[in-house]
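# Reading the structure
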Amino acid sequence: MESNSFKDKVVLISGGMGDIGQAVALEFGKMGAKIGISDIRDPTTAAAKLSLMDNLGVAYRYDQVDVSNADEVEGWIQDVEGQWGHVDIAIVNAATVTLKDVQEITAKEWEREIQVNLNGSFFMANAACRSFVKKKVAGNIVFLGSWAAHAPHTNIPAYSVSKAALRMLCKTMALSYAEKGIRVNEIAPGYVNAGLSKEVWDKDPYSASQARDRVPVGKLIEADEVAKQVLWLCDPSNRHTTGSTLLMDGGLSLLRTK
Ligand SMILES: NC(=O)c1ccc[n+]([C@@H]2O[C@H](COP(=O)([O-])OP(=O)(O)OC[C@H]3O[C@@H](n4cnc5c(N)ncnc54)[C@H](O)[C@@H]3O)[C@@H](O)[C@H]2O)c1
């Protein structure tokens, strides 16, 4: 990867207050990119986390955006274009998870999860692609997918369904925008020792050790390891990679799920 590939590139990250979003923002920031971070969290909650970016001297802006609202997403991208001229990269990262099987999950919970994880991802990725086309930018989209897309996960049904659909959205958009030089890819981590998984494991440390034991390579993934692979997917040297899924699950998907 070229060390100056991302200097002055404008990168959007949704769900950027989350652990993986933060790690991605920091990696791009270290490379000299300008970062448009958004999250559903209000700016006062976000301020403490964003001080890390200040300490590193990263150029960034923070916007409170609910990705499930297409107008808010559109407005965010227009504001970033207004400040920095155009957008080069969009990391579609915001997501939520409900730990209930299909017999327990309510219609409202199901709808919300699909609205955020799938529809919200579409709103952001498509608005970013339209911006790339308008500004004649050979841009990059990376979706934060999951290994949970590959087989039924009965404890997180809406999540795994949303991530499976996201995979097809990635391929569909990759094909639609390929002739414009736009690349669309997905990264599919397994158990990351951060964010959505860590929240569950912190409540039940035994489940964390069980998770680690289940991973064939015997290790949980750290957020900065995911971030580095996200940058790799966006690197210009990867110009032939589009519509692909970069699976980084330590072999989890090779196992049978119950
Ligand atoms: N942690 C893992 O083990 C793991 C594994 C595979 C994939 N992923 C994926 O990585 C991505 C980041 O997850 P994470 O683990 O960092 O979780 P996280 O909870 O730390 O981050 C998710 C962020 O999304 C934000 N968000 C939620 N709903 C939103 C909405 N409607 N609009 C805008 N922002 C919203 C949250 O406020 C949060 O800051 C997700 O797409 C997740 O599915 C995580």
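To start, this report covers the structure provided alongside it. Predicted model, so just to flag it, every value in this text is computed and none were measured. Counting starts from 1 at the beginning of each chain's written sequence and moves along it residue by residue. Restriction of local features to residues with pLDDT of at least 70 applies here, the model being predicted, together with a cutoff of 80 or more for giving and counting side-chain atom pairs; totals for whole chains, interfaces and linings are based on all residues. Side-chain descriptors were evaluated using all non-hydrogen atoms of the structure, hydrogens and water having been removed beforehand.

### Re the overall build of the protein chain
A count of helical and extended segments in the protein chain gives 8 helices and 7 strands. Taken against the 2.2 N^0.38 rule, which gives 18 Å for 258 residues, the C-alpha radius of gyration of the protein chain at 17 Å falls within 12% of a compact globule. Dimensions of the protein chain along its principal axes, counting C-alpha atoms only, are 50 × 40 × 40 Å. Per-residue accessibility, obtained with a 1.4 Å probe over protein chains only, is compared with the maximum for each type, and a residue is labelled buried under 20%, exposed over 50%, and partly exposed between these values. Residues classed as buried in the protein chain amount to 51% of the 258 residues present. Looking at the protein chain alone, contacts between residues at least 24 apart form 74% of all its contacts between residues at least 6 apart. Averaging the locations of the 28 positively and 31 negatively charged side chains of the protein chain gives two centres separated by 4 Å. Numbering of helices and strands runs from the N terminus; a helix is a DSSP stretch of H or I covering at least four residues, while a strand is a stretch of E covering at least two. Each radius of gyration reported is based on C-alpha atoms, and the globular scaling rule is 2.2 Å times the count of residues to the power 0.38. Residue contacts are counted whenever heavy atoms from the two residues lie within 4.5 Å of one another. The charge count treats Lys and Arg as positive and Asp and Glu as negative. His and the chain ends do not count. Where a charge sits is defined by one atom per residue type, namely NZ (Lys), CZ (Arg), CG (Asp) or CD (Glu).

### A word on the pattern of salt bridges
When the charged atoms of two side chains lie near each other, side chains of opposite charge can form a pair. Every case where a carboxyl oxygen of Asp or Glu lies within 4 Å of a side-chain nitrogen of Lys or Arg is listed as a salt bridge. Across all of its chains, the model carries 13 salt bridges by this definition. The partner of aspartate 63 in a salt bridge is arginine 61, with the nearest N and O atoms 2.9 Å apart. For the residue pair aspartate 63 and arginine 61, the accessibility class agrees, reading buried in each case. As a salt-bridge pair, arginine 130 and glutamate 74 come within 2.9 Å of each other at their nearest N and O atoms.

### Points about unusual backbone geometry
Here aspartate 8, not a glycine, exhibits a phi torsion of approximately 65°, which is positive. Look at lysine 136: it is not a glycine, yet its phi comes out positive at around 55°.

### Examining helix 3 (residues 70–84)
Along its 15 residues, helix 3 runs 21 Å from first to last C-alpha, staying within 8% of the 21 Å computed at 1.5 Å per residue. The set of residues buried in helix 3 consists of Val73, Trp76, Ile77, Val80, Glu81 and Trp84. Down the axis of helix 3, the smallest arc covering the buried residues is 135°, so these residues share one side. The exposed residues of helix 3 that point more than 90 degrees off its buried face are Asp71 and Gly82. Structurally, helix 3 contributes buried residues whose contacts are with strand 1 (10–13), strand 2 (34–39), strand 3 (60–64) and helix 4 (107–135). Polar contacts here mean pairs of N or O atoms no more than 3.5 Å apart (in protein, one a potential hydrogen donor and the other a potential acceptor; neighbouring residues in sequence count only if both atoms are side-chain atoms). The N-terminus of helix 3 is capped by asparagine 69, whose side-chain oxygen sits 3.0 Å from the backbone nitrogen of aspartate 71. Expected helix span is given by 1.5 Å per residue-to-residue step, counting one fewer step than there are residues. The arc in question is traced by the directions running from the helix axis to the C-beta atoms.

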